[in-house]
Amino acid sequence: MALPPVEQIKAQIEAGVPGASVTVILNGSPSAQHSLLLDPAHARAVAELLRDHSEWRLDYCTLVTGVDWPDTETSEKVKVRKFVKAADGTESEQEVDEVRKTKVPGYLEAVYHLFSMEKKHGQVVLRLRTGNRTDDTHVPSLTPVWRGAEFQEREAFDLYGIVFDGHPDLRRILMWDGFKDYPMRKDYVPPADEIPVIEVHS
Amino acid sequence: MADELKELKIELSKNGIFTTTLEELYNWGRKNSVWPLTFGLACCAIEMIATTMARYDLARFGAEVFRPSPRQADLIIVSGTVTKKMAPQVVRLYNQMPEPKYVIAMGACAISGGPFRDGYNVLKGIDRYIPVDVHIPGCPPRPEALIHAFMTLQKKIDEQALAGSARPRHLNKDLPSEFPVPAFGEHGLEPPQNNEVFHEAAGNPLKVIQ
């Protein structure tokens, strides 16, 4: 039996887990890999529901990965009335175009791909988002639900700095313990003395 | 050896008289029994293994005995990508080898980081920490290229003078035989290179001065 559409899964999750809010993130590309954004407070309960639901039985987590969404800046043109000084020194009120920039704070995202070995169907994509990229980088760990997520959550912690609350053994897995950076983040800069010198023919 | 002596030697050998020097004999013995370390890092190691097997047969050059301990080896073939996490171990293995010892940097990664040069985890060339005798480009180099590197090394050993100011490192006790092992720092390896060994402007083919 194939899985129902994501909207139905969302509705059933919200009915099954009281208080949970699930957002469907649609993927417009031909692959149509839609995903479900979970709220951190209920993520663990939702994950258990997905795993234990008699029709879904999503018992196999194939992939955990991180995504870095950096801070972005949007600019819009706004018309503002202002006093403008002309060349001859007289001031007059005019309508002027002004560019207003607003900063949209970024966040880190943990992505889980789920399949069912028992029902031979899949996949369901879950997303968990952190509050921001600096001090609130916590999401609940889903390792207690899918044991196979352990090393992959450690990898996301190592390379993106996502802290998985409830993970049994959250240490760096690829880089050494004293390493301070998160090399897969978009704003990572390697040490200056290592940057290759690019050959320029003039 | 002076040119006249060489000519005399050739002339004598034409008449059935064989002459040699201690230096020649010593280097002839050394170059034909190089014992490499059993040490592979990445896909280049597969080519290195192929080189030792029957088809390419590195044994023809007296180097079939790959030793499992650095204490018994005198050649380390750095065959593949050296990650920053592996670099201290490579330097430590090199330090544990007795003199005289030689290094072949096999493939683009061992030379400069190769296709992974921009990666956060890759050392940009093993020559940052240990002195490399022969570099072989290629990704990976074919067994013939490794054999060529090996023959180049043999030539290099053959030309080493046993006395005088140009004598090799193992006969000059003022020169070091061990090199500092890099440490894991907060942002990368510390130090990023050993300046005693790594001559960026002269030795690094990727550094271009306009």
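Here is what the cut-offs are and how they apply
- Residues numbered from 1 in each chain as written.
- Chains lettered and ligands numbered in written order.
- Predicted model: local features only at pLDDT ≥ 70, side-chain atom pairs only at ≥ 80, totals over all residues.
- Heavy atoms only, no water.
- Helix = DSSP H or I, 4+ residues; strand = E, 2+ residues; numbered from the N terminus.
- Rg over C-alpha atoms; globule rule 2.2 N^0.38 Å.
- Contact = heavy atoms within 4.5 Å.
- Areas by Shrake-Rupley, 256 points an atom, 1.4 Å probe, with all protein chains shown as cover.
- Lys, Arg positive; Asp, Glu negative; His and termini not counted.
- Charge placed at Lys NZ, Arg CZ, Asp CG, Glu CD.
- Buried < 20%, exposed > 50% of the residue type's maximum accessible area, 1.4 Å probe, protein only.
- pLDDT = per-residue confidence, 0-100.
- Pairing = 2+ DSSP bridges.
- Axes fitted to C-alpha atoms, helices over the stretch in contact; angles between N-to-C directions.
- Patch = residues over 30% accessible without salt bridge, like charges linked within 9 Å, V, L, I, M, F, W, Y side chains within 5 Å.
- Salt bridge = Lys/Arg side-chain N within 4 Å of Asp/Glu carboxyl O.

Asker: How should I be thinking about the overall build of chain B in this particular structure?
Answerer: Summing up its helical and strand segments, chain B has seven helices and five strands in all. Since a compact globule built from 210 residues should have a radius of gyration of about 17 Å, the 19 Å found for chain B is in line with a globular shape. The contacts in chain B between residues at least 6 apart in sequence include a share of 74% that link residues at least 24 apart. Surface accessibility of chain B: about 11200 Å² in total, with carbon and sulfur atoms responsible for 58%. Each charge sign in chain B was given a centre, from 23 positive and 23 negative side chains, and these centres are 5 Å apart.

Asker: Help me out: how do you make sense of the overall build of chain A in this one?
Answerer: The secondary structure content of chain A amounts to three helices and nine strands. Along its sequence from the N terminus, chain A presents helices and strands in the succession α-β-β-α-β-β-β-β-β-β-α-β. Taken across its 202 residues, chain A has 37% of its residues classed as buried. Pairs at least 24 apart in sequence give 56% of the contacts found in chain A among residues at least 6 apart. When the accessible area of chain A is evaluated, it comes to approximately 11500 Å², of which 53% is carbon and sulfur surface.

Asker: Looking at this structure, I do not really get the confidence of the model for chain B. What am I missing?
Answerer: Interpretation of this model should avoid reading the predicted coordinates in detail wherever pLDDT is low. All names here are of chain B. Of the residues in chain B, 94% have a pLDDT of 70 or more, and the chain-wide mean is 88. Between residues 201–210, whose pLDDT stays under 50, and residues either more than four places distant or in other chains, the model counts 13 contacts. The complex model carries a pTM of 0.82, and its ipTM stands at 0.74.

Asker: Quick question: what am I supposed to make of the environment of Lys155 of chain B here?
Answerer: Residues and elements named next belong to chain B. Along the chain, the position of Lys155 falls in helix α6 (residues 143–158). By relative accessible area, which is 54% here, Lys155 ends up exposed. In this structure, the C-alpha to C-alpha distance between Lys155 and Cys109, residues 46 residues apart in sequence, is 24 Å.

Asker: Could you clarify how one ought to interpret the sheet that holds strand β3 (residues 134–136) of chain B in this entry?
Answerer: Residues and elements named next belong to chain B. Taking strand neighbours across the sheet as the criterion, the three strands line up as β1-β2-β3 in an open arrangement whose pairing is parallel. In this open sheet, the two edge strands, each paired with only one partner strand, are β1 (75–79) and β3. Taking each pair of neighbouring strands and ignoring which way they run, the sheet shows an average axis angle of 15°. Sheet topology note: the strand β2 (residues 102–106)/β3 ladder contains three bridges and is parallel. Counted as the bridge partner of Ile104 is Val134 from β3. Helix α3 (residues 43–52) contacts β1 and β2 of the sheet and is inclined by roughly 130° relative to β1.

Asker: Looking at this structure, how should I read a negative patch on the surface?
Answerer: All names here are of chain B. On the surface, Asp3, Glu4, Glu7 and Glu11 cluster together into a patch of negative charge. Within the element layout of this structure, Glu11 appears in helix α1 (residues 3–14). According to the relative accessible area criterion, Glu11 is partly exposed, its value standing at 43%.

Asker: Can you walk me through helix α3 (residues 150–160) of chain A in this structure?
Answerer: Residues that lie three or four places apart on an α-helix share one face, since the helix turns once every 3.6 residues. All names here are of chain A. The buried fraction of α3 is high, at nine of eleven residues. When α3 is considered as a whole, its buried residues turn out to be Glu150, Gln152, Glu153, Arg154, Ala156, Phe157, Asp158, Leu159 and Tyr160. Contact partners of the buried residues in α3: β3 (60–69), β6 (107–116) and β9 (163–165). Phi for Gly161, located one or two positions after α3, is positive at around 80°.

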